[in-house]
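Residue-level listing of the chains:
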Amino acid sequence: MSLNETPRANRVHIGFFGKRNAGKSSVVNAITGQSLAIVSDVKGTTTDPVYKSMELLPIGPVVIIDTPGIDDEGSLGKMRVSKTKQVLNKTDVAVLIIDSSIGITKEDEELIDIFKAKDINYIVVYNKADLSDLKVTEENSIAVSAENGTNIHELKELIGKLATLNENNKKLLSDLVSPGDFVVFITPIDEAAPKGRIILPQQQAVRDALDAGATAIVVRDSEYADTLKSLGKSPSLVVTDSQVFPFADKETPKEIPLTSFSILMSRYKGQLSTAVNGAKGIENIKDGDVILISEGCTHHRQCADIGTVKLPAWIKKHTGKEPIFEFTSGGDFPEDLSKYSLIVHCGGCMLPEREMAFRQKMSEDYNVPFTNYGILIAYMNGILDRSIEMLDL
């Protein structure tokens, strides 16, 4: 996969924060060498977070996020500030822009406190150094001028240094197979499947198998049984779409490891143990309990959509109860989880690991069981133990 094709969720997220007119957008443009953000002397020009996926040397594939001023005013201003704070939940490296002619303010200090509380690597950037003789001595702080380019290269190097602290070498499945192994991927093609392509976790799993030197075999559920018979040797792993888990369990000999794309993604995002324990929360559901089903992406809902149609039906059948279902997608996630009895999340392939960790932590803070599509489906069908036995919990 080329750098330009790197999924947004796998890119380093670099957020630019600060007060209005501190020069956030100017610094963004100077760092990227592009006019990504509108620059104006008028306070509050940036009214919503602006996201841009790009390549940024020396880091590589990144997402640049330019945010509204943290000191925005009025009712709309409060909404913009709220959105700015939400960006922190997906930020790997925070860049705090300060007008060096004014110096650090109460709002800036409050942001630094938030960075520290959320364990976010951050840099304090004193912009407009051409208009000030400020001397910067603090660690991970730097004086720059977006106007004339002073220390912009050094700032990029500093961002790159902090970004490498967030790198991990986790694998989706390549640590589970060896060169020469067969890995079979069951990918149903029905009315809910996107036209002309397979979904991101399926793409990533296939690529990870190829990176391990394994042979990737991708089949529909309708051809799966015949494919197994014709392979000549047993696959070392079968990975199925969650919605056909019971079928895959029935058709796959018990000696062959079986799991799902969703479960592998939960492991990759560091949430497997929490999600496995959270699935048991389904047993405590009562009539009228509110269940949140959350997807990390936004897409056109089909009549057989797994999140809004199939999962609610399966949950009702398993529990014999009539819970109330609420749904969120994309970047939307409730700030107050107190009314929920269970949270069922997708695998999170479109969300940064930091944001998935934040959502899990919120659930823990509210004492709400948090699980995953594939894990809950496996649990409700009595095949969870089989689907995780080859994984480290």
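Preceding this paragraph is the structure being described.
J.: Tell me about the pattern of salt bridges, and please be specific about residues and values.
T.: Scanning the entire structure with this criterion turns up 15 salt bridges. A salt bridge links K90 to E355; its shortest N-O distance comes to 3.5 Å. With K90 in the loop between α2 (74-87) and β4 (93-99) and E355 in helix α11 (residues 353-365), this residue pair connects regions lying 265 residues apart in the sequence. Across the pair, E355 and K90 agree in class, each one buried. K339 is the partner of E326 in a salt bridge, and the nearest nitrogen-oxygen pair spans 2.8 Å. Here E326, found in strand β12 (residues 324-328), pairs with K339, found in the loop between β12 and β13 (340-345); they are 13 residues apart in sequence, far enough to count as distant. E326 sits in the partly exposed class, given a relative accessible area of 25%.

J.: I'd like to hear about the pairing of β4, residue by residue, with values.
T.: Each regular strand displays side chains that alternate between the two surfaces of the sheet. Counting buried positions along β4 yields 7 of 7 residues, so the element is predominantly enclosed. Burial of the side chains of β4 extends over both faces: V93, V95, I97 and D99 are buried on one face and A94, L96 and I98 on the other. Examined bridge by bridge, strand β1 (residues 12-18) and β4 share 5 bridges and lie parallel to one another. The residue bridging F16 from the neighbouring strand is V95, located in β4. Sheet topology note: the β4/strand β5 (residues 121-127) ladder contains 7 bridges and is parallel. Along β5, the bridge assignment pairs A94 with Y122.

J.: Describe in detail the side chain of S25, supporting the description with residues and values.
T.: The topology assignment puts S25 in helix α1 (residues 24-32). In this structure the side chain of S25 is engaged in a polar contact, spanning 2.6 Å, whose partner is the side chain of D66.

J.: Describe the environment of V184, and please don't skip the residues or the numbers.
T.: When you line up the elements, V184 lands in strand β7 (residues 182-186). Residues V184 and P235, spaced 51 residues apart in sequence, show a C-alpha to C-alpha distance of 6.6 Å. Excluding residues that lie within four positions of it along the chain, V184 makes contacts with I217, V219, Y224, L231, P235, L237, V238 and V239.

J.: Outline the packing of aromatic side chains, supporting the account with residue identities and numerical values.
T.: Two descriptors summarise a pair of aromatic rings, namely the distance from one centre to the other and the angle between the planes of the rings. Inspection of the entire model under this criterion finds 4 aromatic pairs. An angle of 35 degrees between the planes, with centres 5.4 Å apart, marks the rings of F115 and Y122 as tilted. Centroid distance F185 to F261: 5.9 Å. Interplanar angle 20 degrees. Geometry classified as stacked. Taken together, the positions of F185 in strand β7 and F261 in helix α8 (residues 261-268) put the pair 76 residues apart, joining distant regions of the chain.

J.: If you had to explain the packing of α8 against helix α12 (residues 373-380) to someone new, which residues and values would you point to?
T.: One can describe the packing of α8 onto α12 by two numbers: an axis separation of 7 Å at closest approach and a directional angle of 125 degrees. Comparing the axis directions of α8 and α12 gives the class oblique. Of the two possible hands of crossing, α8 and α12 adopt the one that is left-handed. Residues S262, I263 and S266 of α8 lie in contact with α12, whose contacting residues are Y373, G374 and I375.

J.: Let's hear about the environment of G180: which residues, and what values?
T.: In this fold, G180 is placed in the loop between α4 (152-164) and β7. Every residue in contact with G180, bar those within four places of it in the chain, is listed here: G213, A214 and K233.

Quick notes on the rules
Within every chain, residues take consecutive numbers counted from 1 along the sequence as written. Residues qualify for local features only when their pLDDT is at least 70, as the model is predicted, and side-chain atom pairs are given and counted only at 80 or more; totals for whole chains, interfaces and linings, by contrast, use all residues. Side-chain metrics in this entry use all non-hydrogen atoms of the structure; hydrogen atoms and water are not considered. What counts as a salt bridge is simple: a side-chain nitrogen of Lys or Arg found within 4 Å of a carboxyl oxygen of Asp or Glu. Strands are runs of DSSP state E lasting at least 2 residues, helices are runs of H or I lasting at least 4, and numbering of each runs from the N terminus. Think of it in three bands: residues with accessible area under 20% of the maximum for their type are buried, residues over 50% are exposed, and the middle band is partly exposed, with areas taken using a 1.4 Å probe on protein chains only. Two strands form a pair only when DSSP identifies at least two bridges running between them. Counting of polar contacts relies on pairs of N or O atoms within 3.5 Å, with two restrictions inside protein: one atom must be capable of donating a hydrogen and the other of accepting it, and residues adjacent in sequence are counted only when both atoms are side-chain atoms. Residues count as neighbours in contact if any of their non-hydrogen atoms are within 4.5 Å of one another. For this analysis, a ring pair means two rings from Phe, Tyr or Trp (six-membered ring only for Trp) whose centres lie within 6.5 Å, classed as stacked if their planes differ by under 30 degrees, edge-to-face if by over 60, and tilted for the remaining angles. Orientation is described by axes fitted as lines to C-alpha atoms, over the contacting stretch for helices, and by angles from 0 to 180 degrees between their N-to-C directions. For classification purposes, angles smaller than 35 degrees are called roughly parallel, those larger than 145 roughly antiparallel, those between 65 and 115 roughly perpendicular, and all remaining angles oblique. Here is the rule for handedness: rotate from the far helix to the near one, and if that takes an anticlockwise turn smaller than a right angle the crossing is left-handed, while a clockwise turn gives right-handed.

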